[in-house]
There are 2 protein chains.
Amino acid sequence: MSKQKRLLVRSDEVVGCCSPLVRQPLSVELAVELSRLFKAIGDPVRLRLLSLIASHAGGEACVCDLTGVFDLTGPTISHHLKVLREAGLISGERRGTWVYYRAHPEALRRLSEVLVPDEIPAVNA
Amino acid sequence: MSKQKRLLVRSDEVVGCCSPLVRQPLSVELAVELSRLFKAIGDPVRLRLLSLIASHAGGEACVCDLTGVFDLTGPTISHHLKVLREAGLISGERRGTWVYYRAHPEALRRLSEVLVPDEIPAVNA
């Protein structure tokens, strides 16, 4: 009886302190990789630029559609587009007079799944 | 006929330069608000902390489950937890000896939906 009581207390201690993992948390490597992408959109202008590009038909926008929307100079817009491009969230392609920027839906989907990881396998699966 | 031709040329000019919006891009206000949250997880330690908390049963983890995982001092972990808390991504509650951190699924879902905005109404809807 006294032994059983001690076991119950122990069980309480464990439950009280530490809940178990129900799925695998992000690895160090993946966290380093994906936090760079989150950092790139951790700026209101860059987040708006990405949203604006992705909101155009085909997920592609001419730079001439982007510059007029912001009260910023061309070089500042270019800098922010470069940060998004270097993070792998968009790519740019010159066609004639204009550069066209395209959002990368697979990169956006990866970030989205990290935040709401329904599809990450459970630890005990 | 000549009028129709002119209309076609105009249409080409528009299509060639600028693809139309197919949904509403993020507003300035929302971009300011949400970019703060993205910035908070734009750091590998904070992204791992958030993932680790959300991966525990009930989306809640004791601070004692978090500190041992990182090769960082307690004050450094506390600083990162404070940044996540101030961004509204987690909350902390002291119960007895330990502080328990809980991920905020609705905040994570908002960020996820911004990245893959299937549910944002189309401009012409």
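Per an unreviewed UniProt entry, chain A goes by Metalloregulator ArsR/SmtB family transcription factor and derives from Pseudonocardia eucalypti.

A. Focus on the relation of the copies chain B and chain A. Of the two same-sequence chains, chain B is brought onto chain A (RMSD 0.0 Å, axial shift 0.0 Å) by a rotation of 180°. Those values place the two copies in the arrangement expected of a two-fold rotation axis. Residue Ser112 of chain B of chain B places its C-alpha closer to the rotation axis than any other residue of that unit, at 2.2 Å. Take the interface residues of chain B: 100% of them recur as interface residues in chain A, which is what a same-surface contact looks like.

B. Molecular detail of the sheet that holds strand S2 (residues 90-95) of chain B. Residues and elements named next belong to chain B. Judged by pairing direction, the sheet is antiparallel, and its three strands sit side by side in the order S1-S3-S2 without closing on themselves. Edge positions in the sheet fall to strand S1 (60-62) and S2, since each of these pairs with one other strand and no more. In this sheet, neighbouring strand axes are inclined to one another by 25° on average, regardless of whether the strands run parallel or antiparallel. As defined by bridge partners, S2 adjoins strand S3 (residues 98-103) across six bridges and the pair is classed as antiparallel.

C. Here's a closer look at the packing of helix H6 (residues 105-115) of chain A against helix H6 (residues 105-115) of chain B. Across the interface, H6 of chain A lies against H6 of chain B with an axial gap of 9 Å and an inter-helix angle of 170°. Our classification of the angle between H6 of chain A and H6 of chain B gives roughly antiparallel. Contacts from Leu108, Leu111, Ser112 and Leu115 of chain A of H6 of chain A reach H6 of chain B at Leu108, Leu111, Ser112 and Leu115 of chain B. Looking at the contact of H6 of chain A with H6 of chain B residue by residue, the classes come out as six nonpolar, two polar and no charged.

D. Main features of the packing of helix H3 (residues 44-54) of chain A against helix H5 (residues 74-86) of chain A. Residue and element names in this part refer to chain A. The geometry of H3 relative to H5 is characterised by a closest axis approach of 10 Å and an angle of 75° between their N-to-C directions. On the basis of the axis angle, H3 is roughly perpendicular to H5. Here Val45, Arg46, Leu49, Leu50 and Ile53 of H3 come into contact with H5, specifically with Ile77, His79, His80, Leu81, Val83 and Leu84. Of the residues belonging to the contact of H3 with H5, the class tally is eight nonpolar, two polar and one charged.

E. Just the interface of chain B and chain A, in detail. Facing the 45 residues of chain B at the interface are 45 residues of chain A. Across the interface of chain B and chain A, roughly 3,400 Å² is buried in total on both sides, 66% from carbon and sulfur atoms. In terms of surface lost to chain A, no three residues of chain B exceed Leu47, Ser55 and Leu115 of chain B, which account for 16% of the buried area on that side. If you look at where chain B meets chain A, you find zero salt bridges. For the pair chain B and chain A, the number of links is 15 residue pairs in polar contact (both at pLDDT 80 or more). Those elements that place two or more of their residues in the side of chain B that touches chain A are helix H1 (2-17), helix H2 (28-40), helix H3 (44-54), S1, helix H4 (63-67), S3 and H6 of chain B. The leading source of residues in the side of chain B that touches chain A is H2 of chain B, at seven residues. When the residues that make up the side of chain B that touches chain A are grouped by side-chain class, the tally is 28 nonpolar, ten polar and seven charged.

F. Main features of the sheet that holds strand S3 (residues 98-103) of chain A. All names here are of chain A. The antiparallel open sheet is built from three strands, whose spatial order is S1-S3-S2. Looking at strand neighbours, the two that pair on one side only are strand S1 (60-62) and strand S2 (90-95), the edges of this open sheet. Put simply, the sheet's adjacent strands are angled 25° from each other on average, direction ignored. One ladder, built from three bridges, connects S1 with S3; its direction is antiparallel.

Conventions and cut-offs
- Residue positions within a chain follow its written sequence, with the count starting from 1.
- Working convention: letters from A go to chains and numbers from 1 go to ligands, in the order in which they are written.
- Selection of residues for local features in this predicted model requires a pLDDT of at least 70, selection of side-chain atom pairs for listing and counting requires 80 or more, and totals for whole chains, interfaces and linings are taken over all residues.
- Side-chain figures throughout are based on the complete set of non-hydrogen atoms in the structure, without hydrogens or water.
- When the copies are superposed, the least-squares fit takes in the C-alpha atoms of residues with a pLDDT of at least 70 in both.
- Whether two residues touch is decided by their heavy atoms; if any such pair falls within 4.5 Å, the residues are in contact.
- DSSP bridges decide pairing: two strands pair if at least two such bridges lie between them.
- In this text, helices come from DSSP runs of H or I with a minimum length of four residues, and strands from runs of E with a minimum of two, each type numbered from the N-terminal end.
- Only the stretch in contact is used when fitting a helix axis, every axis being a line fitted to C-alpha atoms; angles between N-to-C directions are given from 0 to 180 degrees.
- In these notes the angle categories are as follows: under 35 degrees is roughly parallel, over 145 is roughly antiparallel, 65 to 115 is roughly perpendicular, and the rest is oblique.
- Under the scheme applied here, ten amino acids are nonpolar (Ala, Val, Leu, Ile, Met, Phe, Trp, Tyr, Cys and Pro), four are charged (Asp, Glu, Lys and Arg), and all others, including Gly, are polar.
- We define buried area as the total accessible area lost by two parts upon association, computed with a 1.4 Å probe and summed across both.
- For this analysis, a salt bridge means a side-chain nitrogen from Lys or Arg found within 4 Å of a carboxyl oxygen belonging to Asp or Glu.
- Polar contacts here mean pairs of N or O atoms no more than 3.5 Å apart (in protein, one a potential hydrogen donor and the other a potential acceptor; neighbouring residues in sequence count only if both atoms are side-chain atoms).

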